Amino acid sequence: MTVKQYLLDRMSEGTLHIALLDPDKQPAEKAGEMARHMKEAGTDAIFIGGSTGVTAQNLSETAVAIKEASGLPAILFPGNAEAISPDIDALLFMSMMNSSKLDWVMGAQVYAAPYIRKLGIETIPMGYIVVEPGMKVGEVGKAMLVKRDDVKTAVSYALACEMFGMELAYLEAGSGAGQPVPPEMIRAVKEAISIPLIVGGGIRTPEAAAAAREAGADIIVTGTLIEQCDDLDKLKAVVKAAKGI
Ligand code: 1GP
């Protein structure tokens, strides 16, 4: 089964939780241990990614460790065109829709495409929309940030993702954001599109996770929380709230 089908099958039963692990933040063995914890907490898959410091080597080691320790799909959430590895299960073939730099909209993808094909990696096309405050990814990606109250622009970007044939749309407030994407923006985008909607950035509490799910997120991503908290009960509470179980 493809990773995309695995996600769609699970999504047909409710909202998913995906844990984001940055291979630059801990040794691979530790990432594997974190993934095993998250599997116990109910997480559906692991995204591997970071805005800086991801290399083919740390990506590869982290993917292998995650798969061995948790059995969960290890999906690359790419931050550059160089760090790609045959050890990942799938790759989000993404365009930062609101980047002011052509390279992040289309250039890096064109550069990487032949190599991805050569390695035979599954690709899942995704439109990535960065909302204020945007944090590091907004900065590195030179994003023309969608304002928190500009629901109309967020909807327009998401509709464009769908019309381009992208199979996922991602509303991103940025890793470590003080506030997650506003629920009213999630709700409006979800109502406008028919492709699955991913939401992430600044979700650290069961309340924030539940608000994103109730507003219509199909997949909720948390990264910082997992890096900062090793209390399995707290992690479980956020995962359960994300999944509504
Ligand atoms: C970043 O949306 C993710 O790409 C996760 O953000 O680290 O704030 O959970 P956090």
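Shown above is the structure to which this text applies.
Keep in mind it's a predicted model, so treat the numbers as computed, not measured.

Draft legend 1. Looking closely at the layout of surface pockets. Considered as a void within the structure, the largest pocket measures approximately 820 Å³ in volume. Taken together, 45 residues line the largest pocket, and the ones lying closest to its centre are Gly50, Ser51, Gly79, Tyr128 and Val137. For the lining of the largest pocket, the secondary-structure elements that each account for two or more residues are β4 (90–96), α4 (102–119), α5 (135–140), β6 (168–172), β8 (219–222) and α9 (224–228). Here the lining of the largest pocket takes six residues from β4, the largest share from any one element. Volume-wise, the second largest pocket comes out at about 200 Å³. Looking at the second largest pocket, the residues that line it are Phe93, Met94, Ser95, Met97, Val105, Met106, Gln109, Pro125, Met126, Phe164, Gly165 and Met166.

Draft legend 2. View of the sheet that holds β8. Judged by pairing direction, the barrel is parallel, and its eight strands sit side by side in the order β1-β2-β3-β4-β5-β6-β7-β8 before closing back on the first. Looking at each pair of strands side by side, their axes are set apart by 30° on average, direction ignored. Two elements, strand β2 (residues 45–48) and strand β3 (residues 74–76), share three bridges in a ladder whose sense is parallel. In the strand pairing of β3, Phe47 is matched with Ile75. Across the sheet, helix α1 (residues 3–11) lies against β1 (16–21), β2, β3, β4, β5 (122–130) and β8, angled at about 60° from β5, the strand it touches most.

Draft legend 3. Seen up close, the site of the ligand. Glu172, Ser175, Gly176, Gly223 and Thr224 are the nearest of the 13 residues found near the ligand. Ser175 places a side-chain nitrogen or oxygen 2.6 Å from an oxygen atom of the ligand. For the ligand, an oxygen atom lies 2.7 Å from a polar atom in the backbone of Gly223. When the ligand is considered free in solution it has 310 Å² of accessible area, and contact with the protein chains removes 97% of it. Here the ligand is seated within the largest pocket. The residue inventory of the shell around the ligand, partitioned by class, reads three nonpolar, nine polar and one charged.

Draft legend 4. A look at the pattern of salt bridges. A complete count under the given rule lists nine salt bridges for this structure. For Asp89, the salt bridge is made with Lys67, and the minimal N-O distance between the two is 3.7 Å. Separated by 22 residues along the polypeptide, Asp89 in the loop between β3 and β4 and Lys67 in helix α3 (residues 56–70) bring together distant segments of the chain. Owing to a relative accessible area of 28%, Lys67 belongs among the partly exposed residues under this scheme. Here Lys147 ties to Glu132 by a salt bridge, and the two come within 3.8 Å at their closest N and O atoms. In this pair, Lys147 sits in the loop between α5 and α6 (151–164) while Glu132 sits in the loop between β5 and α5, placing the two residues 15 residues apart along the sequence. Judged by its relative accessible area of 48%, Lys147 is partly exposed.

Draft legend 5. Representation of the packing of aromatic side chains. Summed over the entire model, instances satisfying the criterion amount to four aromatic pairs. Between Phe47 and Phe77, the ring centres sit 5.5 Å apart and the planes meet at 50°, which makes this aromatic pair tilted. Residue Phe47 is found in strand β2, and its partner Phe77 is found in the loop between β3 and β4; the two are separated by 30 residues along the sequence. Feature note: the residues Phe47, Phe77, Tyr128 and Tyr170 constitute an aromatic cluster, connected by ring pairs.

Calculation criteria
- Residues numbered from 1 in each chain as written.
- Predicted model: local features only at pLDDT ≥ 70, side-chain atom pairs only at ≥ 80, totals over all residues.
- Heavy atoms only, no water.
- 1 Å grid on protein atoms, 1.4 Å probe; cavity = no way out; pocket = protein on both sides within 12 Å on 5 of 7 lines; lining within 4 Å.
- Points joined across faces, edges and corners; volume = space filled by probe spheres on them.
- Helix = DSSP H or I, 4+ residues; strand = E, 2+ residues; numbered from the N terminus.
- Pairing = 2+ DSSP bridges.
- Axes fitted to C-alpha atoms, helices over the stretch in contact; angles between N-to-C directions.
- Contact = heavy atoms within 4.5 Å.
- Near = heavy atom within 4 Å.
- Polar contact = N/O pair within 3.5 Å; in protein donor to acceptor, adjacent residues only side chain to side chain.
- Areas by Shrake-Rupley, 256 points an atom, 1.4 Å probe, with all protein chains shown as cover.
- Sits in = over half its atoms within 2 Å of the grid points.
- Nonpolar A, V, L, I, M, F, W, Y, C, P; charged D, E, K, R; others polar.
- Salt bridge = Lys/Arg side-chain N within 4 Å of Asp/Glu carboxyl O.
- Buried < 20%, exposed > 50% of the residue type's maximum accessible area, 1.4 Å probe, protein only.
- Phe/Tyr/Trp six-rings, centres within 6.5 Å; stacked < 30°, edge-to-face > 60°.

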